[in-house]
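Each chain is listed here by its residues.
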Amino acid sequence: MQPSRPLYEREPELAVAAQAVDALCGGQAAGGLLVFSGEAGIGKTALLGEIQAMAADRCTVWSARGGETVTSVPFHVVRQLLQPALDRFPADEIRALFGDWFEIAAPALGLADPSGPQPDPQGVRDGLDHVVSRLASRLSHRPLLLIVDDAHWADGESLAWLSGFTARLSELPVLVVQAHRPQELADRDADWAVARSQERGTAASHPALTRVALRALTPDATAELVRAGLGDHADDPFCREVWAVTGGNPYEAVELVAKAQDRELAPVEESAGLLRELGASARGSGLVARLERLGTNANRFAWAAAVLGTEISQELAATLAGMSSAEAADCTARLRDARIVSGFDPLEFVHPLIATAVYRSIPPATRTAMHGRAAWAITQAGLGAAAASRHLLEVHPDDDQELVAQLREAARQHLAVGAPEAARRCLERALDEPPRPDERAALLYELGCATLLFSPATTVQHLRAALDTPGLDETLRIDATFRLASALSHNNQLKDAALSLAAEASRTAPGPGLMRLQAAHFLWEGMQATEDDGPGRSARLARNADHLKGRDNAERALLTLRAFDAMLRGENAQLVVDFCERALVDGRPARGLGWTDTEWGFELPTMVGITYAFTDRTDRAEELFSEAVRAFEISGWSGAHLAFAHTLLGLVHRRRGRLAEAEGFLREGLRLADRAGRGLPVHWDAACLLVDTLLARGRTAEARLVADRYDFGPPYPTAMVLPDAPCVRGRLLLAEGRTEEAVAELESAGAALEPRGRFNGVWAPWAGDLARALADSDPVRAAQLARRARVHAERFGTDTAIGEALRCVALFAPEEEAEQLLAESVRHLEASSSAYEHALARFEYGIAIHSEREVARAQKIATACGAEGLAARAQQVRASIRPSE
């Protein structure tokens, strides 16, 4: 990327770059992002070459360049950046560099064959981050400079990686310099680094982000450029006409000067009239005419090179052009002399404008045929279906079943390296071919599976089409319905998910497949925020599951659902735990029901862990959720899946009363979720739990900020939120002193939960909080609510549920009875794992019996579990109580 000509009027841009490089090399800044933008030919590439030259002695420089014809090639830019650096290491060192990320990220770089489950694209990006960070750390005192030219033509997978990576630059000794054309970037439906970072609010706040828009040359600078090429005797009118013809575009000015040299044009006013005609030959039809004058072979070879795009193999170009190696070498020499290509093998076009003009000059029918031949040549060279797929995408539909098979294979290869968007393009193109009628349904199924991670709505469309198309065998029909329900649930359509499962179950013969559908039906029915007949569904589930032993995964799935439903209903906790134990094998999810197994989904082990968390078996829950984090990290599922796993660990710590730890996991869950998108189901769960945790810590204002940032409030999603969202919002309103609003919210929560028979007061503490809210205005009703909550808690039977219920009932009891109730509450909560609730009960007990010692113990527990607000209140109360003798 060395500059091919002197730079004019780029001193400010070079000064900005020099300052960034100096800061990086001098340790003044950890890293930065420098972005240059400008129209085609404005001098971006030359500027980047100068920056590379100025940094070469002090930095390790890796560079890459997007290409107009290779935007559909996954990880094309990333591979350009990293492969040359990694080629220096032997295989064992490369594996060590990747560490646990090898199986996830190495296939994306072409360094290993895919293995294991299909990786989450976010996991691949995290693996690439890890590798670049490790490589940067091995560079010793030489910081890393990454240069990306023509970023507007980078492939989507590379853009997505750059987006996340540039947001982390403050942590690394890395400077990223990018250049793009603003209009082309706006026209492309892609999130490149800066645009996506701005959207998420990271780049705008990045202290080391600098944007520079390149301007056209002034007449004076253009004159200087002309005289440097044609001699000092070039007169002012001639120079002025060069500027007028080119608009001060450096590339066009240089090319025009070169043409004037070739024509031996005198650089004087009398020749100025010829410049417009001469300038036209540097672009568009003029360039094409100039190319044609080089001869048929050179023209055909240039077409082949344009079809191949970038890093052009001379051998492949020769094959595509139908000529010998000697003929190809001769054509290369002629094209080099004409300043159309540079290099030898691989070749590159001198400028993207030339590549575009040559490509677009190929007659459409010829261009399509050449793409088909390029796909054949690449396949024959053993480069695989994925490498050939970008050419197959350009071939016109022609009922070619071999092409359908190639595109389906390419899609499988793209999915295996974490490029589902590329897989989608291949499968959609295969549908257009079209496939044979008996293969169409299976292809639609594959297309639905390809879009599941990033577009639930598109997945729904394709899977419904697959199910409506004849030819899908029973196994695929069941799996398609299961995945359809999952996509509908992620699209906030739980009722439709349940209906789809019920419809398919009605036409499915008895057997494991039917049990899978029935289990999924119970799952998505029960996960709805509202349903018509909750008790009826629970009764049907009990009839189907209570007698099961957990002999296979279908039975274990039903037992899991039964356990979760019984926990929500507040049935006897020991019975609930027994269901959980039958659903596991030696205390762990069975093979096929694990965190990354796709047949049943991660929802089932999640429900087991949540059930444990709300039945005071938090140690079991923590084991399961820690295993989830490990499984997702190992498999590279570091998008919404890993976000949810951290959220679940936050739940466990909240239930244990480890509030500071809970907050840490929940904030990390939200951070990971934010990377994956907006408005995801995990956002609701993590925000709900974080609001609840912050309230327990006494930080009401922060809880409100979280609630507002994530729109935590009505309208609620159609899916249940962990824990019950209206209950947590009611608690927030109470903490803010908005009692009337809180009462309305809590009454609404109770009205929704009671008809469904969901009486678990730990999951949904609406009754206790409503009783407290009504204590002054309606003490009779408040006492009734507290007593009913106690009945349900004693039926459930956990120490946490009973202790919390007794603490509430004590508010409405005579003084002596209240003391006894609080003492009993302390005993239960001390035996539970709920340290925060234990601190609350002991605090209230200490006040009731006027014991400074008990309040001091409450303060100590509150401090240990991170409840700063309660600890501060306890400190104040201690000062007002005379120490007991």
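Every value quoted in this text rests on a predicted model; they were computed, and no experiment measured them.

Let us now look at the overall build of the protein chain. The helix and strand tally for the protein chain stands at 45 helices and seven strands. Dimensions along the principal axes, computed over C-alpha positions, put the protein chain at roughly 110 × 70 × 50 Å. For the protein chain, the proportion of its 885 residues judged to be buried stands at 57%. Pairs at least 24 apart in sequence give 68% of the contacts found in the protein chain among residues at least 6 apart. Split by element, the accessible area of the protein chain, about 36,000 Å² in all, is 50% carbon and sulfur.

Once that is clear, we can look at the pattern of salt bridges. By the definition in use, this model includes 70 salt bridges. Here R227 and D236 are joined by a salt bridge, their closest N and O atoms 2.5 Å apart. The partner of R477 in a salt bridge is E504, with the nearest N and O atoms 2.9 Å apart. On the criterion of sequence distance, the pair formed by R477 in helix α25 (residues 474-490) and E504 in helix α26 (residues 494-506) is long-range, its members being 27 residues apart. As far as the burial class goes, R477 and E504 line up, both buried. Through salt bridges with shared partners, one network takes in R654, R655, D692, R731, D769, R772 and E837.

All right, on to the pairing of strand β1 (residues 31-37) then. Summarising burial for β1: seven of the seven residues are buried, a large majority. Where burial is concerned, the two faces of β1 agree: the one with G31, L33, V35 and S37 and the one with G32, L34 and F36 are both buried. In the sheet, β1 pairs with strand β4 (residues 174-180) via seven bridges, with the strands oriented parallel. Counted as the bridge partner of L33 is V176 from β4. Sheet topology note: the β1/strand β5 (residues 209-213) ladder contains five bridges and is parallel. Paired with V35 across the bridge in β5 is R211.

Before going further, it helps to examine the nonpolar core. Counting residues in each nonpolar core, the largest one holds 190 residues, and the members touching the most others are I610, W763 and W766. If near-sequence neighbours (up to four positions away) are discounted, I610 is found in contact with F564, M567, F625, L648, L651, L722 and W763. F98, A136, L209 and A419 belong to the second largest nonpolar core, which has 46 residues in total.

A separate point is helix α27 (residues 512-526). Taking 1.5 Å of rise per residue, 15 residues should cover 21 Å, and α27 covers 21 Å from first to last C-alpha, within 8% of that figure. Burial of α27 is extensive: twelve of the 15 residues sit out of reach of the surface. All of the buried residues in α27 are G513, L514, R516, L517, A519, A520, H521, F522, L523, W524, E525 and G526. Of the surrounding elements, those touching the buried residues of α27 are α25, α26, α28 (534-545), α29 (553-569) and α31 (603-613).

This part takes up the pairing of strand β3 (residues 144-149). Within β3, six of the six residues are buried, which leaves it mostly tucked inside the rest of the structure. Pairing of strand β2 (residues 60-65) with β3 involves six bridges; the strand directions are parallel. For V61, the partnering residue across the bridge sits in β3 and is L145. Of the strand pairs in this sheet, β3 and β4 are connected by five bridges, and their pairing is parallel. Directly across from L145, in β4, lies its bridge partner L175. Once the chain exits β3 it traverses helix α7 (residues 156-166) before rejoining the sheet at β4, and the crossover so formed is right-handed.

How each quantity is defined
- Residues numbered from 1 in each chain as written.
- Predicted model: local features only at pLDDT ≥ 70, side-chain atom pairs only at ≥ 80, totals over all residues.
- Heavy atoms only, no water.
- Helix = DSSP H or I, 4+ residues; strand = E, 2+ residues; numbered from the N terminus.
- Buried < 20%, exposed > 50% of the residue type's maximum accessible area, 1.4 Å probe, protein only.
- Contact = heavy atoms within 4.5 Å.
- Areas by Shrake-Rupley, 256 points an atom, 1.4 Å probe, with all protein chains shown as cover.
- Salt bridge = Lys/Arg side-chain N within 4 Å of Asp/Glu carboxyl O.
- Pairing = 2+ DSSP bridges.
- Core = buried A, V, L, I, M, F, W, Y, C linked by side-chain atoms within 4.5 Å.
- Expected span 1.5 Å × (residues − 1).
- Right-handed = clockwise from strand over helix to strand, strands pointing away.

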